[in-house]
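Residues per chain, in single letters:
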Amino acid sequence: MNNADKLKALKEQANKLPLFPGVYIMKNRQNDIIYIGKAKALKNRVTQYFGSNLNHTAKVRKMVEQVDRFETIICDSEYEALLLENSLIKQHQPKYNILLKDDKGYHYIKITSEKWPRIETDKTILQDGAEYIGPFYSGYIVKESVDEVNKLFKLPTCNRNFDKPSKPCLNYHIGLCCAPCFAKISYDEYIDTLNSARKYIIDGINEDDINKLKSRMNAAAENLDFETAARLRDRISALEKSKEKQKVILSSNKRQDIIATAMVGETACISLFVFIKGHLADKKIFYVDGKNTKSDYYGEFLQQYYQSEDIPAQIAIDSDFDDIALIENWLCEFKKSKIRITVPQKGIQKQLVDMCLSNAAQALSDKIERNGRETAALNELSTLLGLNSVPRRIEAYDISNTAGSENVGSMVVFIDGRPVKRLYRKFKIKGFLGQDDFKSLNEIIDRRFTEYLIGEDESFRELPDLILIDGGAGQLTAVRKAINKYELNIHLFGMVKDSKHKTRAITAGGEDIQIKANRKAFTLVTTIQDEVHRFAISYHRQRTKLSTLQLELTKIDGVGDITAKKLINSFKTVKNIKSASINDFLEKGFSIKLAEKVINYYKKQDL
């Protein structure tokens, strides 16, 4: 049975399912379970897999291709289906479900065994004579602690040999290193400083410690050892500030988790902040892929994560999702206490979520080697427009003409927030004469998706996640008709300009969505609108020049519209035609007689 027949048979089987809640289990030819899901109505959910694959992610398409059969288990409620799904995923670990990799491990603060010891981080204890302080559960806390103690005590973080004097690096000049390489500190004083740093790591700092340092500073000043006194003064100042400093003191809850997700295409980064008594106590990053929306990720993620982690009384998340009430209920049952999942819209909690989202965007950018601003802009734009997923491929369209003449359209493509110029395309309007932007847009969108079905042009093989039109409600209506013709689920918005032809807002056909307050999204949309307009204008000017040239060529005796077009296609520019020899005309298939007429015409023009 070929793939098309198999999908048809599976869809027929799915159409016979009841509209009851339950769990479905996808299996391959080897009878391995490759995916487990739950459904509020089994028939509706399962048939979606075996219908059109236009709106499936690449990972889902690959999964569906491997499905040989499926089984279902009917449940009494959606909540019961959730519990069963959770249990089965935990038991079978299917390939295409979200599987959070357990990268837990112990982390240590390491004091090296060198002559001039350094304070570093490590994940393993080696038999190297070094001192290991720990273990600590959070790698984030260990890194933060090592960075802080090295800055507080101005300890070196380089790999220089301090027994061989050399020029100090930038860290010394900006006050972050005591420069043992430059002999600015004696060996005995360095070891004393290191021991103080070690005590700070283990015991923290208290008033007695600071008072002892003050006594040492005063003694050094009385002995006219002003350099030592100055170093002690700086250390005292840093320690006093560190006592007052709180890394993040925004959450007033005793224990709270903040969760936010950044997405590019089908790849997502879920960032999770753990707050304990108002302090950021831990930061965790998870990478997952294969889903269309944040809503698709969150249900599975929260179930898996909190099966092995302590569940706080409050969880703030950046986006609402379909099963939020079910998951909240499940968490309450699991912990046997009240749990709240909130989606903050303002205030301190919103600031925390935004901070978490920024971290997710930067981490995702690092992973996919993208600029953090681009990733943040795409996530901000998706939130602003109310999209369920972050658009990876954005296509923008514009029309250009002069009083209806040389009517052209342009398409520009941005992928992951960046223009991909090899995918840009130009359209010459063919369906009618005169000026009608609505008809023009309808025509180029229709031609674009016709090309998608043919699949020959690289630029048209992939569907966009978001289409932006340079225009308002009328232009959107024209484009929507063309999209609906192909039964495609593509987000569509218009880019509205002000009286100075600058980007002002985005519209879905009703009220305008103001974007100027959202700086990253505004910059991205402005860039897209300027680029599609530039591309349309440049093509229109090119067409206008060619039209002018064609008109000029028809003034030559014996040159009509058809011959003029052939000359333009062969020589491209007036300059090339003017400088062409008789042999050049002959090589391109023109007669000697025509060549002589053209050459003589331009000779007379130059007189």
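Before reading further, recall that the structure is shown in the block above.
Residues numbered from 1 in each chain as written. Predicted model: local features only at pLDDT ≥ 70, side-chain atom pairs only at ≥ 80, totals over all residues. Heavy atoms only, no water.

(A) Representation of unusual backbone geometry in the model. Despite not being glycine, alanine 179 has its phi angle at roughly 55°, a positive value. On the basis of relative accessibility, which here comes to 0%, the residue alanine 179 falls in the buried class. Of note in the backbone geometry, glutamate 487 takes a positive phi value of approximately 55° without being a glycine. Here glutamate 487 lies in the loop between helix H15 (473-485) and strand S17 (491-497). (Buried < 20%, exposed > 50% of the residue type's maximum accessible area, 1.4 Å probe, protein only. Helix = DSSP H or I, 4+ residues; strand = E, 2+ residues; numbered from the N terminus.)

(B) Focus on the state of the cysteines. Inspection of every chain in the model, using the stated rule, returns zero disulfides. Of all cysteine sulfurs, the one in cysteine 178 lies closest to cysteine 177, which takes part in no disulfide; the gap is 5.0 Å. Cysteine 181 takes part in no disulfide bond, and the closest cysteine sulfur to it belongs to cysteine 169, at a distance of 6.1 Å. (Disulfide = S-S within 2.5 Å.)

(C) Inspection of the packing of helix H4 (residues 78-92) against helix H11 (residues 324-335) at higher detail. As a packed pair, H4 and H11 sit with axes 10 Å apart at the nearest point and diverge in direction by 65°. By the criterion of interaxial angle, the relationship of H4 to H11 is roughly perpendicular. Here the hand of the crossing between H4 and H11 comes out right-handed. Along its contact with H4, which presents Glu78, Tyr79, Leu82, Leu83 and Asn86, the element H11 presents Leu326, Ile327, Asn329, Trp330 and Glu333. A breakdown of the residues in the contact of H4 with H11 according to their chemical character gives six nonpolar, two polar and two charged. (Axes fitted to C-alpha atoms, helices over the stretch in contact; angles between N-to-C directions. Parallel < 35°, antiparallel > 145°, perpendicular 65-115°, else oblique. Left-handed = near helix turned anticlockwise from the far one by under 90°. Contact = heavy atoms within 4.5 Å. Nonpolar A, V, L, I, M, F, W, Y, C, P; charged D, E, K, R; others polar.)

(D) Representation of the environment of lysine 336 within the structure. Position of lysine 336 relative to the elements: it lies in the loop between H11 and strand S11 (340-342). Looking at lysine 336, its side chain comes within polar contact range of the main-chain oxygen of glutamate 333, at 3.3 Å. (Polar contact = N/O pair within 3.5 Å; in protein donor to acceptor, adjacent residues only side chain to side chain.)

(E) Structural detail: a nonpolar patch on the surface. A cluster of nonpolar side chains, Ile582, Leu586 and Ile592, forms an exposed patch at the surface whose accessible area comes to about 220 Å². With respect to the element layout, isoleucine 592 can be found in helix H20 (residues 592-606). (Patch = residues over 30% accessible without salt bridge, like charges linked within 9 Å, V, L, I, M, F, W, Y side chains within 5 Å. Areas by Shrake-Rupley, 256 points an atom, 1.4 Å probe, with all protein chains shown as cover. Salt bridge = Lys/Arg side-chain N within 4 Å of Asp/Glu carboxyl O.)

(F) How the structure looks around the sheet that holds strand S8 (residues 267-276). Taking strand neighbours across the sheet as the criterion, the five strands line up as S9-S8-S7-S10-S11 in an open arrangement whose pairing is mixed. Looking at strand neighbours, the two that pair on one side only are strand S9 (279-289) and S11, the edges of this open sheet. Here the strands of the sheet are splayed against their neighbours by 20° on average, with no regard to which way each runs. Bridge count between strand S7 (residues 255-264) and strand S10 (residues 314-317): four bridges; the pairing is parallel. (Pairing = 2+ DSSP bridges.)

(G) Summary view of the packing of aromatic side chains. By the definition in use, this model includes 22 aromatic pairs. Centroid distance tyrosine 424 to phenylalanine 535: 5.1 Å. Interplanar angle 65°. Geometry classified as edge-to-face. With tyrosine 424 in the loop between strand S14 (418-419) and strand S15 (425-428) and phenylalanine 535 in helix H16 (residues 519-553), this pair connects stretches of sequence that are 111 residues apart. Like tyrosine 424, the residue phenylalanine 535 is buried in the burial classification. Taking NZ or CZ as reference, lysine 115 lies 5.6 Å from the ring centre of tyrosine 187, over its face. Positioned over the ring face of phenylalanine 571 is lysine 588, at 5.4 Å from the centre of the ring. (Phe/Tyr/Trp six-rings, centres within 6.5 Å; stacked < 30°, edge-to-face > 60°. Lys NZ or Arg CZ within 6 Å of the ring centre and 35° of its normal.)

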